[in-house]
Amino acid sequence: MKVCIAEKPSVAKEIAFVIGAKTRKDGYFEGNGYQVTWTFGHFCTLFQPHDYKPQWKRWDLDTLPMLPDQFKTKLMADKGVRKQFKVIKGLFNKASVVINCGDAGTEGELIQRWVIKEASYKGAVQRLWISSLTSEAIRKGFQVLKPASTFDNLYYAASSRAIGDWLLGMNATRLYTLKYGGYKQVLSIGRVQTPTLAMLVKRHYEIINFVPKAYWELHTIYRKVTFKNTIGKFEKAEEGQQLLQQITGKDLVVTNVEKRDGKEYAPKLYDLTSIQVHCNNKYGFSADRTLKIVQKLYEMKAVSYPRVDTTYLPEDVYPKIPAIFKGLTNYSQFTAELLKGKIRKSKQVFDDKKVTDHHAIIPTGEQPRLSGELQQVYDMIVRRFLAVFFPDCKVAKTTVSAKVEDVQFVAKGKEIIEEGWRVLFPKKDKSSLVSSVNNSRGKVKKDGNDKDDDNRVLPSFKVGEQGIHEPTLLEKMTKAPSYYTEASLLRAMETAGKQVDDDELRELMKANGIGRPSTRASIIETLFRRKYTFRRKKQVLPTEMGIQLIDTIKNKLLISAELTGQWEKRLKEIEHGTYSPKPFVQDMKKMVSELVIEVRKEHNVKRFTAPAAKSYKKSSVKSKQNPRSKKTTTSRKKSSSVAKVSMQCPKCLKGTIVKGKTRYGCTQYNSGCAFGIPFVFMGKKISDNQVKRLVDKGSTVKLKGFKNDQGKVDGQIILDSNNQLLFKQISYAESESVVAKAKVAKTK
């Protein structure tokens with residue numbers, strides 16, 4: 001009997017249906033010479049420390065480092081796991097061959113290999129390797145089953161990763177907890193999670209230590225078009241003023257008009273990271289949420305295998321494209337045009353050299369009934385897929401050069417001549433594609449509104465024309481970098497912390513990224529779960545504990561994104577058979593041993609203080625038992641000029657917001673944190689509750705009674721990404737929002 005083992009019951013059911021194993025048994029399907037059983041995630045795990053040596057059970061610095069001679073696995077203690085494993089082992093005992101039908105990736109290979117090993121199965125093993133769960137893909141996969149040995153390197157890489165994580169996680173977590181941890185406090189250290197946290201903390205310090213600097217730009221308006229001085233920024237106002245005086249009252253002369261046709265290529269197909277980034281930017285989905293949605297679509301046969309790190313397709317997929325188009329009946333208004341002629345084949349889409357185990361995420365051609373989030377993400381995948389087969393978007397780019405005296409100016413514009421692939425995207429979605437288009441063409445984002453200016457349509461200019469213009473010297477301030485969102489954090493993990501805006505360069509750096517596409521979402525969620533980070537709207541910020549942990553770690557290996565990326569590169573080399581697992585594990589053991597010696601020698605140890613418990617609960621209980629305590633507390637607040645509002649400062653994340661004499665401010669004021677909220681903002685008094693909502697949610701509710709030049713207006717107070725106050729006016733008459741920046745006083 002041939003025994004197939006899948007990673008999930010739902011996948012086993014699909015496989016069983018296709019190969020004719022249609023009789024349901026206890027823990028498996030049977031029929032047509034096959035038995036199809038399943039696991040549900042990880043059934044086996046590496047030994048715990050005490051499984052190797054009893055003395056390793058106790059957390060003690062003297063037992064470190066823990067370096068097993070040989071790593072072993074064991075079955076998990078879960079009752080459901082043990083019951084199903086008993087079924088699997090019984091089937092394996094009578095099997096003529098076992099077919100590994102686990103997910104076609106490193107993790108899927110590891111899960112099933114450990115189960116086969118735990119069951120002590122010694123017979124022949126074959127591998128089903130497919131990129132979608134459609135009946136056709138399963139049927140073809142069974143026609144070309146491969147020997148399990150073909151994927152040995154994949155298994156070696158996965159087991160080396162698991163062993164490396166065990167060595168560093170087990171040893172470093174115990175080491176730092178025993179050396180620095182507070183009472184009943186565990187300091188979790190991980191090969192991927194710690195450098196990821198370090199990136200967040202580094203960005204936090206860049207923001208709070210950022211000192212804005214003034215600079216000036218010389219602009220002039222001619223025929224309602226803004227021209228910019230070609231020098232760019234002036235660091236001193238005097239330099240700009242000198243040129244301003246030189247050109248004031250003089251005519252502007254157009255010296256050159258350059259028009260050239262250009263193309264904009266469609267955004268690349270999705271890999272897992274790019275769809276997580278797009279969903280976070282467009283819908284605010286977390287990386288973990290997006291992964292679960294795409295995984296569900298895969299199990300519903302709607303899309304191909306999702307845990308991929310390539311945006312390309314292999315050549316052998318091209319003949320299947322017409323069938324996929326025909327299956328996408330809900331998009332027939334787009335596919336009908338594509339099916340009329342020869343389907344486009346571009347090297348930017350089809351490239352065997354840039355595809356390894358799996359290709360980019362694409363629709364399969366099957367259209368199950370979808371709604372809500374599933375439909376939203378599926379629609380993104382389908383439209384992105386169709387776009388790469390549409391003509392390029394044709395644009396006309398115009399550059400107008402001008403001068404006043406010898407001072408040079410330039411204005412740029414762009415006009416879409418033929419939309420091409422852009423017809424697939426509603427106008428409201430096109431702005432979200434700008435970064436994808438620019439990235440694919442190697443453009444780097446600029447500060448300010450340069451991008452908007454470059455995309456405007458210019459009127460017709462002629463060389464030699466001249467006229468009156470309106471010059472202005474604009475004062476601007478440099479801006480601090482923004483806090484990471486999950487989207488930008490995923491990109492940073494992908495490129496080991498380096499800012500990369502070009503898609504081609506990003507592809508080259510993927511081998512050095514932190515973690516794998518399939519695990520980055522879980523790493524981010526782990527940081528939230530362990531209270532090292534928290535969300536503020538879309539932003540991901542480090543908590544006080546997370547900051548303290550990174551400040552405590554002196555070892556650069558633990559917090560370096562680039563070095564962790566190098567480890568990932570080694571694991572990729574093991575997967576490709578160009579590096580051996582043995583030296584990788586030996587290097588990890590050596591690093592752990594050196595880390596233990598280094599940390600044990602560290603002096604001036606400052607232990608972590610446990611996060612303060614919320615005192616308001618205790619206070620409320622006491623006030624019920626003793627009515628006098630409430631009066632005492634009230635009178636004490638009245639007599640004090642500073643009262644705590646029990647909120648963490650959103651800027652420095654170390655201090656607490658307190659109520660001073662003229663404003664709400666941060667207790668870290670003397671250490672340089674200038675965050676503050678005045679009692680009265682635009683003529684309106686702000687209550688404690690409104691301040692709490694503003695700090696917690698980033699905005700107040702709609703309030704009445706603000707005053708500006710127009711009189712009394714309604715609106716909201718908003719905290720921007722740099723923790724400055726903004727006023728958002730809500731005008732019912734005009735049905736539009738006007739955002740005006742308000743300055744915050746820097747003195748208490």
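Not measured: the values here are computed from a predicted model. (Residues numbered from 1 in each chain as written. Predicted model: local features only at pLDDT ≥ 70, side-chain atom pairs only at ≥ 80, totals over all residues. Heavy atoms only, no water.)

J.: What am I meant to see in the overall build of the protein chain here?
T.: A tally of regular secondary structure across the protein chain gives 25 helices and 28 strands. Classification of the 748 residues of the protein chain by burial places 50% in the buried group. Pairs at least 24 residues apart make up 71% of the contacts formed inside the protein chain by residues separated by at least 6 positions. Carbon and sulfur atoms make up 50% of the accessible area of the protein chain, which amounts to about 38,000 Å² in all. (Helix = DSSP H or I, 4+ residues; strand = E, 2+ residues; numbered from the N terminus. Buried < 20%, exposed > 50% of the residue type's maximum accessible area, 1.4 Å probe, protein only. Contact = heavy atoms within 4.5 Å. Areas by Shrake-Rupley, 256 points an atom, 1.4 Å probe, with all protein chains shown as cover.)

J.: Please explain the side chain of arginine 520 as it appears in this structure.
T.: Mapping arginine 520 onto the fold places it in helix H18 (residues 517–529). For the buried arginine 520, no salt bridge is present, and the opposite-charge side chain at shortest range is glutamate 494, 4.7 Å distant. Contacts of arginine 520, omitting those with residues within four sequence positions, involve Thr273, Leu490, Met493, Glu494, Gly513, Ile514 and Gly515. (Lys, Arg positive; Asp, Glu negative; His and termini not counted. Salt bridge = Lys/Arg side-chain N within 4 Å of Asp/Glu carboxyl O.)

J.: Is there a simple way to explain the sheet that holds strand E8 (residues 125–127) in this structure?
T.: To summarise the sheet geometry, strands pair through backbone hydrogen bonds and adopt either a parallel or an antiparallel arrangement. What the seven strands build is an open sheet, ordered E2-E3-E4-E1-E7-E8-E9; its pairing is mixed. Two strands bound the open sheet, and with one partner strand each, they are strand E2 (23–25) and strand E9 (146–147). Contacts from helix H3 (residues 79–93) reach strand E1 (2–6), strand E3 (28–31), strand E4 (34–38) and strand E7 (97–101), with the element oriented near 155 degrees to E4. (Pairing = 2+ DSSP bridges. Axes fitted to C-alpha atoms, helices over the stretch in contact; angles between N-to-C directions.)

J.: Explanation requested: the sheet that holds strand E15 (residues 466–467) in the structure shown.
T.: Ordered in space as E15-E12-E13-E14-E11-E10-E16, the seven strands form an open sheet in which the pairing is antiparallel. For this open sheet the edge positions go to E15 and strand E16 (470–477), each flanked by a neighbour on one side alone. Pairing analysis gives 11 bridges linking strand E12 (residues 252–264) to strand E13 (residues 393–404), with the strands arranged antiparallel. Considered in E13, the bridge of valine 257 is made with valine 400.

J.: What should I look at first to understand the confidence of the model for the protein chain in this one?
T.: Should pLDDT be low for a region, the predicted coordinates there are not to be read in detail. On average, residues of the protein chain carry a pLDDT of 85, and 86% of them reach 70 or more. pLDDT under 50 marks residues 612–644. Its contacts with residues more than four places away, or in other chains, come to 12 contacts. Contacts of residues 732–748 to residues separated by more than four positions or lying in other chains number 36 contacts, the stretch itself having pLDDT below 50. (pLDDT = per-residue confidence, 0-100.)

J.: Looking at this structure, how should I read the packing of aromatic side chains?
T.: The full count for this structure, using the stated rule, is 26 aromatic pairs. Ring centres 6.2 Å apart and planes at 80 degrees place the aromatic pair tyrosine 52 and phenylalanine 71 in the edge-to-face group. Linking tyrosine 52 in helix H2 (residues 49–52) with phenylalanine 71 in the loop between H2 and strand E6 (73–75), this pair joins segments that are 19 residues apart in sequence. Considering the side-chain rings of phenylalanine 681 and phenylalanine 706, the 6.4 Å spacing of their centres and the 85 degrees angle between planes classify their relative orientation as edge-to-face. One end of the pair, phenylalanine 681, is in strand E23 (residues 680–681); the other, phenylalanine 706, is in strand E25 (residues 703–708), with 25 residues separating them in the sequence. Connected via pairs of aromatic rings, a cluster forms that spans Phe47, Tyr52, Trp56, Phe71 and Trp166. Taking NZ or CZ as reference, arginine 127 lies 5.9 Å from the ring centre of phenylalanine 151, over its face. Above the plane of the ring of tyrosine 318 lies lysine 345, whose end atom (NZ or CZ) is 5.0 Å from the centre. (Phe/Tyr/Trp six-rings, centres within 6.5 Å; stacked < 30°, edge-to-face > 60°. Lys NZ or Arg CZ within 6 Å of the ring centre and 35° of its normal.)

J.: Even after reading the chapter, I still don't get the packing of helix H16 (residues 486–494) against H18, so can you show me in this structure?
T.: Any two packed helices are characterised by the angle at which their axes cross and by the distance between the axes. Relative to each other, H16 and H18 sit at 120 degrees, their axes nearing to 11 Å. Judged on the interaxial angle alone, H18 and H16 are oblique. Seen along the crossing, H16 lies across H18 with a hand that is right-handed. Residues Glu486, Leu489, Leu490, Met493 and Glu494 of H16 form the contact with H18, whose participating residues are Arg520, Ile523, Ile524, Glu525 and Phe528. Tallied by class, the residues present in the contact of H16 with H18 amount to six nonpolar, no polar and four charged. (Parallel < 35°, antiparallel > 145°, perpendicular 65-115°, else oblique. Left-handed = near helix turned anticlockwise from the far one by under 90°. Nonpolar A, V, L, I, M, F, W, Y, C, P; charged D, E, K, R; others polar.)

J.: Could you clarify how one ought to interpret the pattern of salt bridges in this entry?
T.: Side chains that differ in sign of charge can pair as their charged atoms come close. Counted by the stated rule, this structure contains 30 salt bridges. With a shortest N-O distance of 3.3 Å, lysine 659 and aspartate 688 are connected by a salt bridge. Taken together, the residues lysine 659 in strand E20 (residues 656–659) and aspartate 688 in helix H25 (residues 688–697) connect sequence positions 29 residues apart. Exposure remark for aspartate 688: the relative accessible area of 32% places this residue in the partly exposed category. Each member of the salt-bridge network shares a partner with another, and the members are Glu109, Arg113, Arg127 and Asp152.

J.: So what exactly am I meant to see when it comes to the pairing of E7 here?
T.: Side-chain direction in a regular strand flips from residue to residue, so the side chains alternate between the two faces of the sheet. Counting buried residues in E7 gives five out of five residues, a clear majority hidden from the surface. Residues Val97, Ile99 and Cys101 point to one face of E7 and Val98 and Asn100 to the other, with burial holding for every one of them. When E1 meets E7, the two strands line up parallel, connected through five bridges. Among the inter-strand pairings, isoleucine 5 is bridged to a residue of E7, identified as asparagine 100. As paired strands, E7 and E8 are joined by three bridges and run parallel to one another. Following the sheet pairing, valine 98 is matched in E8 by valine 125. Each parallel crossover has a hand, and for E7 linked through helix H4 (residues 106–118) to E8 it is right-handed. (Right-handed = clockwise from strand over helix to strand, strands pointing away.)

J.: Can you help me understand helix H9 (residues 272–283) in this one?
T.: Along an α-helix, residues three or four apart share an orientation, since each turn contains 3.6 residues. Taking 1.5 Å of rise per residue, the 12 residues of H9 would be expected to cover 16 Å, and the 16 Å separating its terminal C-alpha atoms lies within 8% of that figure. For H9, the set of buried residues is Leu272, Thr273, Ser274, Ile275, Gln276, Val277, His278, Cys279 and Asn280. (Expected span 1.5 Å × (residues − 1).)

J.: I would appreciate a short explanation of unusual backbone geometry in the present structure.
T.: Negative phi characterises most residues that are not glycine, and trans characterises most peptide bonds. Following leucine 64, the chain continues into proline 65 via a peptide bond in cis, with omega recorded as 0 degrees. In this structure, proline 65 sits in the loop between H2 and E6. Phi is positive for lysine 224, close to 65 degrees, though the residue is something other than glycine. If you trace the backbone, lysine 224 turns up in the loop between strand E10 (214–222) and strand E11 (225–234). The class of lysine 224 is exposed, set by a relative accessible area of 82%.

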